[in-house]
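Coordinates in review
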Amino acid sequence: MKSERIIVILLFLVCTTMSIRAELLYEISGNGARGKSYLLATNRFVDMTFLDTIPNVFKCFGRCKSVVTEFAMQDYEALAALRQAAILPDSVKLTNFYTPEEYKYIDNSLKINLGMGLDQLCRMKPSYLTEMFRTELMKQWIGYSEERSMESFFENVAAQRDMPVIGLDNIGETMYMLFDREPFHWQCQELLKVIEYPEKEVQQERTLKTMYLDGRLSDIAYQVEGPDNTTSISFSDYKVYTQRNQQWVKRLKPILTKGEAFITLNAIYLGGEKGLIEQLRAAGYRVRPYNRKLKITN
């Protein structure tokens, strides 16, 4: 009897885990769609092996004829343009935006964490330096690997199979989101703040990662837009994301009408009252967890 009870408990834990992860994969239909499409919530800092724990994700991908993502990373000309856009105009000097002490502090921190200081990086925009620094923090503290990130997995597979990869943002919009969504002096202060308080950035991403692994998309939205969030991705950024979601709904319409699209987007854009899922529903689409039948009801 004891062994049977242990088996029942293990089965309950497995089914509960499947129930939670069922909330990461969604089926989209209705509103004139000629076929079903699928939406997968991703997290940049989660390893691709996590995909094996999301029921039916590969099955849904196999039904699709295109992959939709935020920005098509396989567009190498666009990537070259992004790298160029990260460079400051010759007329702008970072030294004009920091005290000598702050400039030296940033320089030392970049040297320690990136192996390069401002003598090599001073021509880069502060938002770019902030992202470089944050990425290195996540590699050191939460085990992030760019090569093993789940975020780009399906885009890479699609490229190998010659499947179309569709970016919801064009190159200009991506440049704006990366480098210009905040005034320049704010970018400068944000870089300094991230370097002064790196533990806040790490803790925030750990919290968001835990919420993601639990399938809590609405909690992710609240965590980002909440008043206590003082990290580099905060309420002002969330407002930009939700406004962009409205544009994405319009751009998704011909894609969803055609159907058989596999949409893979960061979970930060999807949950909450203003997230993409609710905006798609408000536009008339039926969006529901694909694995909803795996849920356990009490």
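Now for a look at the structure at hand. (Residues numbered from 1 in each chain as written. Predicted model: local features only at pLDDT ≥ 70, side-chain atom pairs only at ≥ 80, totals over all residues. Heavy atoms only, no water.)

Topic: empty space enclosed by the protein
Picture a little ball the size of a water molecule; that probe, rolled over the atoms, points out where space is still empty. The tally for this structure, following the rule as stated, stands at 1 cavity of 30 Å³ or more. Around the largest cavity sit Lys193, Val194, Tyr197, Lys200, Glu201, Thr230, Thr231 and Ser232, which together line it. Secondary-structure elements contributing two or more residues to the lining of the largest cavity are helix H9 (184–196) and helix H10 (198–213). Per-class residue counts for the lining of the largest cavity are 2 nonpolar, 3 polar and 3 charged. (1 Å grid on protein atoms, 1.4 Å probe; cavity = no way out; pocket = protein on both sides within 12 Å on 5 of 7 lines; lining within 4 Å. Points joined across faces, edges and corners; volume = space filled by probe spheres on them. Helix = DSSP H or I, 4+ residues; strand = E, 2+ residues; numbered from the N terminus. Nonpolar A, V, L, I, M, F, W, Y, C, P; charged D, E, K, R; others polar.)

Observations regarding the layout of surface pockets
Of the volumes computed, that of the second largest pocket is approximately 150 Å³. Ranked by the residues each element gives to the lining of the second largest pocket, the list is headed by helix H12 (residues 235–258), at 3 residues. A breakdown of the residues in the lining of the second largest pocket according to their chemical character gives 5 nonpolar, 2 polar and 3 charged.

A closer look at the pairing of strand E3 (residues 66–69)
Side chains Ser66 and Val68 of E3 all project onto a buried face; the interleaved residues Val67 and Thr69 project onto the opposite face, where all are buried too. Inspection of the sheet shows E3 paired to strand E5 (residues 261–266) by 3 bridges, in the parallel sense. In the strand pairing of E5, serine 66 is matched with alanine 261. Here E3 pairs with strand E4 (residues 165–167) via 3 bridges, running parallel. Residue pairing in the sheet places valine 67 in a bridge with valine 165 of E4. (Buried < 20%, exposed > 50% of the residue type's maximum accessible area, 1.4 Å probe, protein only. Pairing = 2+ DSSP bridges.)

Description of the packing of H10 against helix H11 (residues 217–225)
Where H10 contacts H11, the axes come no closer than 9 Å and their chain directions differ by 160°. As the angle between them shows, H10 and H11 are arranged roughly antiparallel. Seen from above, H10 lies across H11 with right-handed handedness. Of H11, the residues touching H10 (which contributes Gln204, Thr207, Leu208, Met211 and Tyr212) are Asp219, Ile220, Gln223 and Val224. Looking at the contact of H10 with H11 residue by residue, the class counts come to 5 nonpolar, 3 polar and 1 charged. (Axes fitted to C-alpha atoms, helices over the stretch in contact; angles between N-to-C directions. Parallel < 35°, antiparallel > 145°, perpendicular 65-115°, else oblique. Left-handed = near helix turned anticlockwise from the far one by under 90°. Contact = heavy atoms within 4.5 Å.)

Looking at the pattern of salt bridges
Scanning the entire structure with this criterion turns up 18 salt bridges. Notably, a salt bridge pairs lysine 111 with aspartate 107, separated by 3.2 Å at the nearest N-O pair. Pair noted here: lysine 111 and aspartate 107 are both in helix H4 (residues 100–114), with a separation of 4 residues, about one helical turn. On the basis of relative accessible area, lysine 111 is assigned to the partly exposed category, the value being 42%. A residue is classified by how much of its surface remains accessible, and aspartate 107, at 12% relative accessible area, is buried. For glutamate 201, the salt bridge is made with arginine 134, and the minimal N-O distance between the two is 2.6 Å. Residue glutamate 201 is found in helix H10, and its partner arginine 134 is found in helix H6 (residues 126–141); the two are separated by 67 residues along the sequence. Summarising the burial analysis for this pair, glutamate 201 and arginine 134 share the class buried. Each of Glu27, Lys36 and Arg288 takes part in salt bridges that share partners, so that together they form one network. (Salt bridge = Lys/Arg side-chain N within 4 Å of Asp/Glu carboxyl O.)

Quick word on the pairing of strand E2 (residues 37–42)
Counting buried positions along E2 gives 6 out of 6 residues, so the element sits mostly inside the fold. Of the two faces of E2, the one holding Ser37, Leu39 and Ala41 and the one holding Tyr38, Leu40 and Thr42 are both buried throughout. In this structure, strand E1 (residues 25–29) lies alongside E2, joined through 4 bridges in antiparallel fashion. Bridge pairing in E2 links tyrosine 26 to leucine 39.

Taken by themselves, the reported measurements are silent on function.
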